[in-house]
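# Secondary and tertiary structure notes
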Amino acid sequence: MAPRCWRWWYWTAWPRTRPPPAGCTLSVRQQFSTQEQMPQICVVGSGPAGFYTAQHLLKSVEASLCPQPTKMSCIPLSWEGEDQAQPLPGPICHRLLPQHHPRAHVDIFEKQLVPFGLVRFGVAPDHPEVKNVINTFTQTAHSDRCAFHGNVVVGRDVTVPELREAYHAVVLSYGAEDHQALGIPGEELPGVFSARAFVGWYNGLPENRELAPDLSCDTAVILGQGNVALDVARILLTPPEHLEKTDITEAALGVLRQSRVKTVWIVGRRGPLQVAFTIKELREMIQLPGTRPILDPADFLGLQDRIKEVPRPRKRLTELLLRTATEKPGAEEAARQASASRTWGLRFFRSPQQVLPSPDGRQVAGIRLAVTRLEGVGDTTRAVPTGDVEDLPCGLVLSSVGYKSRPIDHSVPFDPKLGVIPNMEGRVVDVPGLYCSGWVKRGPTGVIATTMTDSFLTGQMLLQDLKAGLLPSGPRPGYVAIEALLSSRGVRPVSFSDWEKLDAEEVSRGQGTGKPREKLLDPQEMLRLLGR
């Protein structure tokens, strides 16, 4: 995905600087001659975007922009469901040019007491391999030029203008903390949850620890057909014994052990060609023990001819859907499905219209769906109602129609419609020295490779501006000034070494039951363990 541009903003504050020509070997001292002192840089948010931005600013050899794409324009990393290399948003090659700053210091501020953002609180517990990126982030945090400050809410405990006064540059990488509302009647009924909150509940996000979803119903409906929707469906239907050795919270596991949910419908406004989940996630659902899929072959009529020209990842995904919907399974698979006690299905061409209450009005009893058809072609395809509706009985509704960012401070421009900070290649418009990376920069899309490269590009822009003398000259106090402010306001930040004490406690608690860790859920308990 190309960096987002707001063409209606007149851009004058950031003149472009060209990277050194091929073969040029500028010394680090020459590159940063306008900033001989130690540049103080602040990153807000300790998820993938925050840590990758810090990593780019600190590491010894970096990727530089290259005028021609190369074979290295794909990096085979994954984030929740990608099983193949992803094209990066812009041609990049790995040249051995020093693109870091040898003396820059980076402070990472985080509102939670613990680091790693969606890697800790968003990645499904049965996907431990995705969480291995924490090892890389830990190496960055251990750098003597990097410091983590948790338990600090930017916008409340300290303002963005105060950060800008203390640092040469500030990078906002705080992600998408909210969910898109459905905007339909009945959305407030008990039994309706955002998928974001449900994921936070089973992953130990402190603000969701008391969610207490009622899983005593037979049928659950998930609105949305992305990877998060399939994660939630998989957790609902996975035999609990298969989750016992993961880092899912014990509280969530206890509720799942008592679950009576037997059927999960995953509903989308458009058709099979428009699903947002990836092939790895789909394979996991198809092969999920104790379950069988329900797909209507009528939804796939004429699709075989239409997928010939689509990109290969989409073609492979649609072919797997087609085979699952239309082909008779082999003997072994047929026997497995026949013994399945739980089912899941994809409902296409359906848009939520109303959440239906129980007779006493105290609980969800179903959802009314508008039947849709597609208009337009390609990227302009949209779902329009046909006028028909259908009611789908259920006792649980999970909305997975998207995440969104919130404005962090009144001094920072924010586009409420797009849910992002207006920027040009990571430079916040009309606010020199302020940058953004990750979902708050481009919207809640992409896999980990997208976030990594997006963050590297923001770091690249910051370093170019530093080299060109566009950032404030003279020394800045950095964390010394912010620490004094926080102390005067009664805020006690948590350091990375503090986190490592909490980490050791979690690992110790998990060992007794064979889990990798038992996550701490209560911030007050965390502070007590740290002697606060």
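Residues numbered from 1 in each chain as written. Predicted model: local features only at pLDDT ≥ 70, side-chain atom pairs only at ≥ 80, totals over all residues. Heavy atoms only, no water.

## Some details on the UniProt feature "binding site: NADP(+)" (unreviewed entry) in the protein
- Using the residue numbers shown here, the UniProt feature "binding site: NADP(+)" (unreviewed entry) corresponds to Gln-225, Gly-226, Asn-227, Val-228, Arg-269, Arg-270, Glu-281 and Gly-446.
- Structurally, Arg-270 is set in the loop between β12 (263-267) and α9 (279-286).
- If we skip the residues at most four places from it in the chain, Arg-270 touches Phe-348, Phe-349, Leu-374, Thr-381, Arg-382 and Ala-383.
- For Glu-281, a relative accessible area of 0% translates into the label buried.
- Within the structure, Glu-281 has its side chain in polar contact with the side chain of Arg-234 (distance 3.1 Å). (UniProt positions renumbered as here; feature names shortened; annotations may be inferred. Helix = DSSP H or I, 4+ residues; strand = E, 2+ residues; numbered from the N terminus. Contact = heavy atoms within 4.5 Å. Buried < 20%, exposed > 50% of the residue type's maximum accessible area, 1.4 Å probe, protein only. Polar contact = N/O pair within 3.5 Å; in protein donor to acceptor, adjacent residues only side chain to side chain.)

## So, the sheet that holds strand β10 (residues 192-194)
- The sheet built from 6 strands is open, its strands ordered β10-β18-β11-β12-β14-β13 with parallel pairing. Both outer strands of the open sheet, β10 and β13 (291-294), are each paired with one neighbouring strand and no more. Between one strand axis and the next, the sheet turns by 20° as a mean value, whatever way the strands run.
- Both strand β11 (residues 219-223) and β12 contribute to a ladder of 5 bridges, which runs parallel. Paired with Leu-223 across the strands is Val-267, a residue of β12. (Pairing = 2+ DSSP bridges. Axes fitted to C-alpha atoms, helices over the stretch in contact; angles between N-to-C directions.)

## Some points on the side chain of Asp-409
- Checked against the element boundaries, Asp-409 lands in the loop between β19 (403-404) and β20 (423-424).
- Although Asp-409 is buried, it forms no salt bridge, and the closest oppositely charged side chain is Arg-164 at an N-O distance of 8.7 Å.
- Here Ser-411 takes part through its side chain, which lies 2.8 Å from a polar atom of the side chain of Asp-409.
- Each residue touching Asp-409, except ones within four places of it in the same chain, is listed here: Gly-155, Thr-159, Val-160 and Pro-161. (Lys, Arg positive; Asp, Glu negative; His and termini not counted. Salt bridge = Lys/Arg side-chain N within 4 Å of Asp/Glu carboxyl O.)

## Describing the packing of aromatic side chains
- Inspection of the entire model under this criterion finds 15 aromatic pairs.
- For the pair Phe-300 and Phe-348, a centre-to-centre distance of 5.8 Å together with 90° between the ring planes defines the contact as edge-to-face. Of this pair, Phe-300 sits in the loop between β13 and α10 (303-306) while Phe-348 sits in the loop between β14 (342-347) and β15 (350-357), and the two are 48 residues apart along the sequence. Grouping residues by exposure puts Phe-300 and Phe-348 together as buried.
- Consider the rings of Tyr-403 and Trp-439, whose centres lie 5.7 Å apart with planes at 90°: the pair is edge-to-face. In this pair, Tyr-403 is assigned in strand β19 and Trp-439 in helix α13 (residues 439-442), connecting sequence segments 36 residues apart.
- Residue Tyr-403 is classed as buried on the basis of its relative accessible area of 14%.
- Residue Trp-439 is classed as buried on the basis of its relative accessible area of 15%. (Phe/Tyr/Trp six-rings, centres within 6.5 Å; stacked < 30°, edge-to-face > 60°.)

## Comments concerning the pairing of strand β16 (residues 364-375)
- As defined by bridge partners, β15 adjoins β16 across 7 bridges and the pair is classed as antiparallel. The residue bridging Leu-356 from the neighbouring strand is Gly-366, located in β16.
- Hairpin connection, β15 to β16: the antiparallel pair is bridged by 6 residues, and Gly-361 has positive phi, about 75°.
- Of the strand pairs in this sheet, β16 and strand β17 (residues 382-393) are connected by 9 bridges, and their pairing is antiparallel. By the bridge assignment, Arg-368 is partnered in β17 with Asp-391.
- Here β16 folds back onto β17, and the loop between the two strands holds 6 residues, one of which, Gly-376, carries a positive phi near 90°.

## Topic: the packing of α9 against helix α11 (residues 312-326)
- Two elements in contact, α9 and α11, have axes whose closest approach is 9 Å; the angle formed by their N-to-C orientations is 20°. Of the possible angle classes, the one that applies to α9 and α11 is roughly parallel. Considering the relative orientation of α9 and α11, their crossing is left-handed. Each of Ile-279, Leu-282, Arg-283 and Ile-286 in α9 lies in contact with α11, whose residues at this interface are Arg-316, Leu-317, Leu-320, Leu-321 and Thr-324. (Parallel < 35°, antiparallel > 145°, perpendicular 65-115°, else oblique. Left-handed = near helix turned anticlockwise from the far one by under 90°.)

## Examining the state of the cysteines
- One pass over the structure, following the stated rule, counts 0 disulfides.
- With no disulfide of its own, Cys-217 lies closest to Cys-394 among cysteine sulfurs, the gap being 7.4 Å.
- A relative accessible area of 13% means that Cys-217 is categorised as buried. (Disulfide = S-S within 2.5 Å.)

## What to know about the nonpolar core
- Membership of the largest hydrophobic core comes to 48 residues, with the highest contact counts inside it found for Tyr-202, Val-232, Leu-236, Val-264 and Ile-266.
- Sequence-distant contacts of Leu-236, that is, excluding residues within four places in its chain, are made with Phe-198, Leu-215, Ala-220, Leu-256, Val-264, Arg-342, Leu-396 and Leu-398.
- Listed in part, the 39 residues of the second largest apolar core include Leu-57, Met-452, Leu-463 and Met-526. (Core = buried A, V, L, I, M, F, W, Y, C linked by side-chain atoms within 4.5 Å.)

## Here's the deal with the pattern of salt bridges
- Counting across every chain of the model gives 35 salt bridges.
- In this structure, Arg-257 engages Glu-244 in a salt bridge whose closest nitrogen and oxygen atoms are separated by 3.4 Å. In this pair, Arg-257 is assigned in helix α8 (residues 250-257) and Glu-244 in the loop between α7 (227-237) and α8, connecting sequence segments 13 residues apart.
- Across the salt bridge formed by Arg-517 and Asp-503, the nearest N and O atoms sit 2.7 Å from each other. Within this pair, whereas Arg-517 is found in the loop between α16 (496-511) and α17 (523-529), its partner Asp-503 is found in helix α16, the two being separated by 14 residues in sequence.
- Connected through salt bridges with shared partners, the residues Asp-126, Glu-129, Asp-231, Arg-234, Lys-280, Glu-281 and Glu-284 form a single ionic network.

## Describing the environment of Ile-248
- Assignment of secondary structure puts Ile-248 in the loop between α7 and α8.
- Ile-248 sits 44 residues away from Gly-204 along the chain, and the two C-alpha atoms are 7.5 Å apart.
- Ignoring any residue separated from it by four or fewer positions in sequence, one finds Ile-248 in contact with Pro-125, Tyr-202, Leu-243, Leu-253, Leu-256, Lys-515 and Glu-518.

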